[in-house]
Amino acid sequence: DGGITQSPKYLFRKEGQNVTLSCEQNLNHDAMYWYRQDPGQGLRLIYYSQIVNDFQKGDIAEGYSVSREKKESFPLTVTSAQKNPTAFYLCASSIDPGGLGYTFGSGTRLTVV
Amino acid sequence: AQSVTQPDIHITVSEGASLELRCNYSYGATPYLFWYVQSPGQGLQLLLKYFSGDTLVQGIKGFEAEFKRSQSSFNLRKPSVHWSDAAEYFCAVATGGGNKLTFGTGTQLKVEL
């Protein structure tokens, strides 16, 4: 079955460390997105990519980095510059850059210890 | 920039009762509107979407929503709630030709047996 796989489901990080969240899709979707979810704040866009080797900052990109070397993969790195990284991270993909048909992964919960 | 407001943070209904979740948007042109549902610790699942045409749209799990341009609203309804409907519900808006969704802050639904 096609879908989006996020791994790991739970991730613990020590302060000052970088950590990379994985997002893989086998839907042949062109566009991919990373959102951060905090209680009471909904989903906020971190980065998005409409095509391989190209990506744009979203609303809260500071302290994060991404790459899009393959169509299927869009990893997110949470750097030590992110002041409050503890959150639930959701990856999504869409068949077209218009973003009108999102499919979401099941998320990664990152906790800084 | 477009925005989405979900004025109810929490709603509690009895099983079998009707449900209406409110969503108001801010956007100059006709928006593309979505409702998603999220179970705890999971990704988001699309319930329904409105692009154009009939302003009453039917979705999965017995949900429907009505687009009212004059009120800038896209409220979600269900005639009879089931205990399994307990979850968090998000309204989202995309601009025509845009490539990202803007989400509301969500409404947490609790169903009393």
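Below is a summary of the structure that appears in this document. (Residues numbered from 1 in each chain as written. Chains lettered and ligands numbered in written order. Predicted model: local features only at pLDDT ≥ 70, side-chain atom pairs only at ≥ 80, totals over all residues. Heavy atoms only, no water.)

1. A closer look at the packing of aromatic side chains
All names here are of chain A.
Here is step 1 of the chain: All chains considered together, the criterion is met by 18 aromatic pairs over all chains.
Here is step 2 of the chain: Measuring from centroid to centroid gives 6.3 Å for tyrosine 35 and tyrosine 102, while their planes differ by 55°, and the two rings are tilted. Note that tyrosine 35 is positioned in strand 4 (residues 31-38) and tyrosine 102 in strand 10 (residues 102-104), a separation of 67 residues in sequence.
Here is step 3 of the chain: Judged by its relative accessible area of 6%, tyrosine 102 is buried. (Phe/Tyr/Trp six-rings, centres within 6.5 Å; stacked < 30°, edge-to-face > 60°. Helix = DSSP H or I, 4+ residues; strand = E, 2+ residues; numbered from the N terminus. Buried < 20%, exposed > 50% of the residue type's maximum accessible area, 1.4 Å probe, protein only.)

2. Looking at the pairing of strand 9 (residues 87-94) of chain A
The side chains of a regular strand alternate, first on one face of the sheet and then on the other.
All names here are of chain A.
Here is step 1 of the chain: Across the eight residues of strand 9, eight count as buried, placing the element largely inside the fold.
Here is step 2 of the chain: By the alternation rule, side chains of strand 9 split into Ala87, Tyr89, Cys91 and Ser93 and Phe88, Leu90, Ala92 and Ser94, which are all buried.
Here is step 3 of the chain: Across seven bridges, the pairing between strand 4 and strand 9 is antiparallel. Across the sheet, residue tyrosine 33 finds its bridge partner in strand 9, namely alanine 92. (Pairing = 2+ DSSP bridges.)

3. Here we look at the pattern of salt bridges
Residues and elements named next belong to chain B.
Here is step 1 of the chain: Applying the stated rule across the entire model yields seven salt bridges over all chains.
Here is step 2 of the chain: With its nearest N and O atoms 3.2 Å apart, the salt bridge here joins glutamate 64 to arginine 77. Placement of the pair is glutamate 64 in strand 8 (residues 64-68) and arginine 77 in strand 9 (residues 73-78), with a sequence separation of 13 residues.
Here is step 3 of the chain: Given the relative accessible area of 23%, arginine 77 is considered partly exposed.
Here is step 4 of the chain: Here lysine 78 makes a salt bridge to aspartate 85, at a shortest N to O gap of 2.8 Å.
Here is step 5 of the chain: The buried category is assigned to lysine 78, whose relative accessible area is 10%. (Salt bridge = Lys/Arg side-chain N within 4 Å of Asp/Glu carboxyl O.)

4. As for the side chain of A:Arg13
Residues and elements named next belong to chain A.
Here is step 1 of the chain: Checked against the element boundaries, arginine 13 lands in strand 2 (residues 10-13).
Here is step 2 of the chain: Buried charge without a salt bridge: arginine 13, with glutamate 15 as the nearest opposite-charge side chain at an N-O distance of 7.1 Å.
Here is step 3 of the chain: A distance of 2.9 Å separates a polar side-chain atom of arginine 13 from the backbone oxygen of glutamine 17.
Here is step 4 of the chain: When near neighbours in sequence (up to four residues on either side) are disregarded, arginine 13 contacts Asn18, Val19, Val78, Thr79, Ser80, Gln82, Pro85, Leu110, Thr111, Val112 and Val113. (Lys, Arg positive; Asp, Glu negative; His and termini not counted. Polar contact = N/O pair within 3.5 Å; in protein donor to acceptor, adjacent residues only side chain to side chain. Contact = heavy atoms within 4.5 Å.)

5. Some details on the layout of surface pockets
Here is step 1 of the chain: Space inside the largest pocket adds up to approximately 320 Å³.
Here is step 2 of the chain: What lines the largest pocket is a set of 19 residues, and nearest its centre among them are A:Gln37, A:Phe88, A:Arg109, B:Gln38 and B:Glu88.
Here is step 3 of the chain: At the level of elements, strand 4, strand 9 and strand 11 (108-112) of chain A together with strand 10 (87-94) of chain B are the ones that each hand at least two residues to the lining of the largest pocket.
Here is step 4 of the chain: Tallied by class, the residues present in the lining of the largest pocket amount to six nonpolar, 10 polar and three charged. (1 Å grid on protein atoms, 1.4 Å probe; cavity = no way out; pocket = protein on both sides within 12 Å on 5 of 7 lines; lining within 4 Å. Points joined across faces, edges and corners; volume = space filled by probe spheres on them. Nonpolar A, V, L, I, M, F, W, Y, C, P; charged D, E, K, R; others polar.)

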